[in-house]
Every structure is written in C-alpha cells, then in structure tokens.
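Now for the letters of each chain:
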Amino acid sequence: MSQYKALFLSESREYLRTIAEQVVALEQSPAERSAIDALFRGAHSLKGMAASMEYGDVVVVAHSMEDLMARVRDGALPFGAGVADLLLEGVDLIDALLKDVEEERPSSLPTDGYALRLASYVPAPEKKAQKPDEAPRAFSPAAEPAQASEPAPPAETERAKESTTDLGGTVRVKTELLDHLINLTGELVTNKQRLLSIGRELESTALNDAVSETSKLLRALHDEVMKVRLMPFEAISDRFQRSVRAVAKKSGKEIHFELTGREIGLDRGVLEQLVDPLNHILRNAVDHGIEDGEERERAGKPARGLVKLSVSRDRDRIHITVRDDGRGMEPQAMIDAAVRKGLITPEEGELLSPRQALMLSCIPGFSTAKEVTDISGRGVGMDAVNAAIAKLGGTLGIESEPGQGTVITLKLPLTIAIIHALLVQCGPIKTAIPVNAVQRTVELSRRQIETVGKRQMFQLDDESIPLLSLNRVLGLPLGRFPDGILPLFVTEAKGRRVGMVVDRLLGQHELFVKRLGRPLDGMTGLAGGATLGDGEIVTILDISELL
C-alpha cells in the first residue's frame, strides 16, 4: 500500500486546498448551491481516499466535515462564520494528519473531540439575529473582479478541480527529476558560453554559426523545462484568503478580498519563498492600512475595506500587486518618524523624494504604528520582506496617496536557476550582479561629482544619488581612473538609489546559478556562484544584503 502513499498525499492536499477556497468563497455567497455541493463532494472524496488507505484519523475528520456539510446542504443548518471556522479547523487538522502520514509517525491529534463538536454544533440563538448580516460581511473573498456578471466563481473552481483529476493527458513527475533537468540545462548553458569563447579565439565562422543555432535550441529547451517547473499561483493562494479572513475577524474590520491571476505560473523555487512575504504585506494592509468602519464612514468611504491581490506576467517577469483603499501613507510623516528614531539624519531626510520616503518602511526598526499588536507595529517585517524579494532577484516598490490607499508591487523573475547578470571587475576579481538589481550603468566624469557633507553625490533624473565603491565594500584596493571617468551601476539599497563604482563594466552574461558550499554559503552578500565560458568561477552578489 505504501507505493500509493505519495499519490494519496498529493491528491489529498489538492482537495484540502479546494475545500479551503470554497469555504472562504461561501462566506460571500452562503446560499450558492453549487459551492455547497462541491464542498460536500470534496469531503466525501477525501474520506473515501483515506478509507481505502486505512488512515482512520483522516476518515474521522473528513466524515465529520461531510456530515456537517450534509446538514447545510439539506437546509438544516445555515452556512455562517461558525460553520466556516469549524471546516477550516478541519482542513488544518487533516493537513497535520497528512504530515504525520508523510513522516510515518503515529498521530496523537484529538480527532474524536473535533468530530463531537461538529456533530453537536448549533449556532447560538442570540447571535442569529446579528450574525447573518455581520459574519458574511466581515470577510468576502472574490476570485475575479468581474463578479457582477458571473456570480458563481465556486462552480468554476469545482469544474477546474474536476478537470485536474482527469489524468488522461497528464503525468505526475517527482520534483527531484525536474530539478535535475534544470541542472543539466544550466550546465549546457555554461558549455555554450565555452564554445562561444573558443569560436572567438579560432575566428571560425562555421563554428560560430553552429553555436548560434545551438544557443537558440538551448533557449527553447530551457523555456520548455521551465514551463514544466511552473506551478499556478493558486497553489499558495488559499493561505492568503484565510490569513486576511483571520486578521479581519480579529481586528473587527469588514474586508472585501479580491484575488486575480491565480492561474499565472511561477517557478516552484520562487513560489515557495513568496508565502511569508505576501502574508506579511496582506496582514499589514488589513491591520495597518484599512481603517475601522467608523473612521471610513467619516472619510466618506464604504464601511467595508478593499484588499486586492493581483498577479500578472510581463514577458519573463511576474508582477504581484497588493492594493488597499485604506488611509495610505504620508511621505513627510515617514521622514519625521525615521528622523525621530535616529534611522536617518534631518539633512538626509530633506534630500529624500516622496518615493524614497515611502521606502523608509523597509528599514529595520521603522514603524509609524501608534500601538503594538500581535499582528504588526513592532518595526520588523517589511525589511525582511524586502530582503526576501531581493534574494529572489526581484524588486519591491511602494506607492501611496494619503486617504486613498497604498499599492505594493513585487517584480520577480520567472526563474532563479538561470539568470542574466552584469559582470564587473573589482581589483583582481570578477563578480556578477543580477541585471534585475541593476537599474542602469553610467560612465561618470569626476566633474559631475559633488560633495554633500561627508558624502559624494551625483545627479541622475533630477535626484541626488550617493556614490559608494564596490571595491571598498568588498575590502579590495580602490581603483584608479587616470582618464577621470568612473564606471558604475545604479542599484537600490534600503529604499534609496545608490551608485556603485567598479573598476570595469564587462557586459551582460547568461549564467547558471549554483549554490555555494560551506563555509561560503554563510557569508553575507553572496547569492551563489557561476562558471564563465572560459572556466573562470565568479560569485554572484546580493547587493541589498551586502549594503
């Protein structure tokens, strides 16, 4: 029976994800018959699968959920916040049981107590007069924005679920095999660079033409392998719906949550590392950004706040946007708070643009919260979010208008295995910076440099940008520029643009990123390593962490 365990775990988790999505969707439309039927079928199918594998604890929980949904389906019990809480508790309980099954350890979770609570559940009579209007309004997720013309997204979710269980044109492949394919593709990319170097040395037209054609095939192979590794965003989206729901309920706010682009695919390695950053941003939007009902009504807004999470693709980049219609952020208030906390000097604050002022929220220890809660306000979080996104080769941007709301945009690469990087020379070594972290390259004349206090600055796009030496940061001898021209690249660190001076800009290269072994993997600012076409090994820098 153990040979079927991996298949059981995979399909069970798909059912759990669908059940969780249907539960939070039903809070918006409690009378949606198709969603109620889908929930009942999901619990029933999960029970049947667990019974066939003889996992009794999972059967007990799934059967209890099925009985509860049967009462809702038959009209004996209204679907309200209490039912939703019990079903989501069941999802968490089964998920914990599946982890026990996966790790082959006995479970001590109280499944019988959960089953008894579901069997005896009756909504409190005194709350029935208040909650039918209140509970569904406290959190109302929407799968797509065009819900007025198509009011039944749960039915679409169920049809999508049914289509995924049709294995006629699909096959399950272990992720280890996909990782191995990526590694092989990366090695081919490295060998291609070697062939290009040989072709230039031999000045062979025939060899260069052959390598050029091989490069096209390699790019096509890489793209196809990446498509296989892509996972839809909906693989993690149910966590965000539940997270927003929980914070809204705890803070007593009415939140309408919209999620679009759940079908957009991301590399598995990127997707797995997005959960915590996005969770933090969404929790901040509800707890920090959205006002309470009375404050919103005084401002002429509807009592129910809007939080929208949208995912889109632009060529080889993924854009993830979290938008709320809350109180927004005031740039000058951000500057004043940073100065008050000693994070920047008053002189530095005067030089900040509104955009830079908003990015102060990504500095460790920064917070404008008037009170600390167990959700936010301690000045930790956004700096970790920014660092996590930068480690993925992405960028974080903030736009806000006081009284209108805030928009946080994450721009991420489709893959983190094969990247385009800017190669630079610093003293005796070559190193690489992902092009996603490079805003532009500049050759700066010494005459364009001005001194402000103890800092050297230059003007770019009507903005004063500080100059730093990458050689100095890396502890290398400073470069000499007898012609008076300083090569540099512009990047972003701690919410501000910075010009990093190097000895030489060596151009852009396609690199296959490899993890560094011990002890190098513990060094700050190193994101990995790569091999150039001539066999030379270069380190890939994480500039945001380095600075």
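Residues numbered from 1 in each chain as written. Predicted model: local features only at pLDDT ≥ 70, side-chain atom pairs only at ≥ 80, totals over all residues. Heavy atoms only, no water.

Our next topic: the overall build of the protein chain. Of regular secondary structure, the protein chain possesses 20 helices and 19 strands. Each of the 547 residues in the protein chain was classed as buried or not, and the buried ones make up 47%. Here the contacts in the protein chain between residues at least 6 apart in sequence split such that 70% fall between residues at least 24 apart. For the protein chain, the accessible surface area stands at approximately 27700 Å², while carbon and sulfur atoms represent 52% of it. (Helix = DSSP H or I, 4+ residues; strand = E, 2+ residues; numbered from the N terminus. Buried < 20%, exposed > 50% of the residue type's maximum accessible area, 1.4 Å probe, protein only. Contact = heavy atoms within 4.5 Å. Areas by Shrake-Rupley, 256 points an atom, 1.4 Å probe, with all protein chains shown as cover.)

What follows covers the pattern of salt bridges. Enumeration over the complete set of coordinates arrives at 26 salt bridges. The residue R355 makes a salt bridge to E492 at a minimum N-O spacing of 2.5 Å. Here E492 lies in strand 15 (residues 485-493) and R355 lies in helix 17 (residues 354-358), a separation of 137 residues in the sequence. Shared partners join several salt bridges into a network, and the residues in it are E27, D85, R245 and K249. (Salt bridge = Lys/Arg side-chain N within 4 Å of Asp/Glu carboxyl O.)

Taken together, L195, I198 and L202 make up a surface patch of nonpolar side chains, about 250 Å² in accessible area. Mapped onto the elements of the fold, I198 is located in helix 9 (residues 175-202). Look at I198 and you get partly exposed, because its relative accessible area is 30%. (Patch = residues over 30% accessible without salt bridge, like charges linked within 9 Å, V, L, I, M, F, W, Y side chains within 5 Å.)

With that settled, consider the sheet that holds strand 19 (residues 537-541). Spatially, 5 strands are ordered 17-9-10-19-18 in an open sheet, and the strand pairing comes out mixed. Each edge of the sheet is formed by a strand with only one pairing partner; in this case those strands are strand 17 (504-512) and strand 18 (526-531). Averaged over all pairs of adjacent strands, the angle between strand axes in this sheet comes to 35°, irrespective of strand direction. Here helix 9 sits on the sheet and contacts strand 9 (418-426), strand 17 and strand 18; the angle it forms with strand 17, its principal contact strand, is near 140°. (Pairing = 2+ DSSP bridges. Axes fitted to C-alpha atoms, helices over the stretch in contact; angles between N-to-C directions.)

Let us now look at the nonpolar core. With 43 residues, the main nonpolar core has M65, F79, L87 and I94 as its most contacted residues. Mapped onto this core, the elements with two or more residues apiece are helix 1 (5-26), helix 2 (33-52), helix 3 (56-73), helix 4 (81-102) and helix 5 (111-119). The element that contributes the greatest number of residues to this core is helix 4, accounting for 11 residues. Those residues in contact with M65 that lie beyond four places of it in its chain are I19, A43, L87, G90, V91, I94, Y114 and L118. V275, A285, M359 and C362 belong to the second largest nonpolar core, which has 41 residues in total. (Core = buried A, V, L, I, M, F, W, Y, C linked by side-chain atoms within 4.5 Å.)

To continue, consider the sheet that holds strand 16 (residues 496-501). The mixed open sheet is built from 6 strands, whose spatial order is 11-15-16-14-13-12. Both edges of this open sheet fall to strand 11 (440-445) and strand 12 (450-452), since each of them pairs with a single strand only. Neighbour to neighbour, the strand axes of the sheet diverge by 45° on average, direction disregarded. For strand 12 and strand 13 (residues 455-460), the ladder comprises 3 bridges, and the chain directions are antiparallel. Bridge pairing links T451 to Q456 in strand 13.

Let us look at helix 18 (residues 382-391). Looking at helix 18, one finds that the buried residues are M382, V385, N386 and I389. Looking down the long axis of helix 18, one finds its buried residues gathered within 95° of arc, a one-sided arrangement. For helix 18, the elements touching its buried residues are helix 13 (275-289), strand 7 (395-401) and strand 8 (405-413). Of the residues trailing helix 18, G393 is marked for its positive phi of about 80°. (Arc of directions from axis to C-beta.)

Next up on the list: the packing of helix 2 against helix 3. For the pair helix 2 and helix 3, the least separation of the axes is 8 Å and the interaxial angle reads 155°. If you check the angle between helix 2 and helix 3, you find them roughly antiparallel. The crossing of helix 2 and helix 3 is left-handed. Here R33, I36, D37, L39, F40, A43, H44, L46, K47, A50 and A51 of helix 2 lie close against helix 3, whose contacting residues are V58, V59, A62, H63, M65, E66, M69, A70, V72 and R73. Along the lines of polarity and charge, the residues of the contact of helix 2 with helix 3 split into 14 nonpolar, 2 polar and 5 charged. (Parallel < 35°, antiparallel > 145°, perpendicular 65-115°, else oblique. Left-handed = near helix turned anticlockwise from the far one by under 90°. Nonpolar A, V, L, I, M, F, W, Y, C, P; charged D, E, K, R; others polar.)

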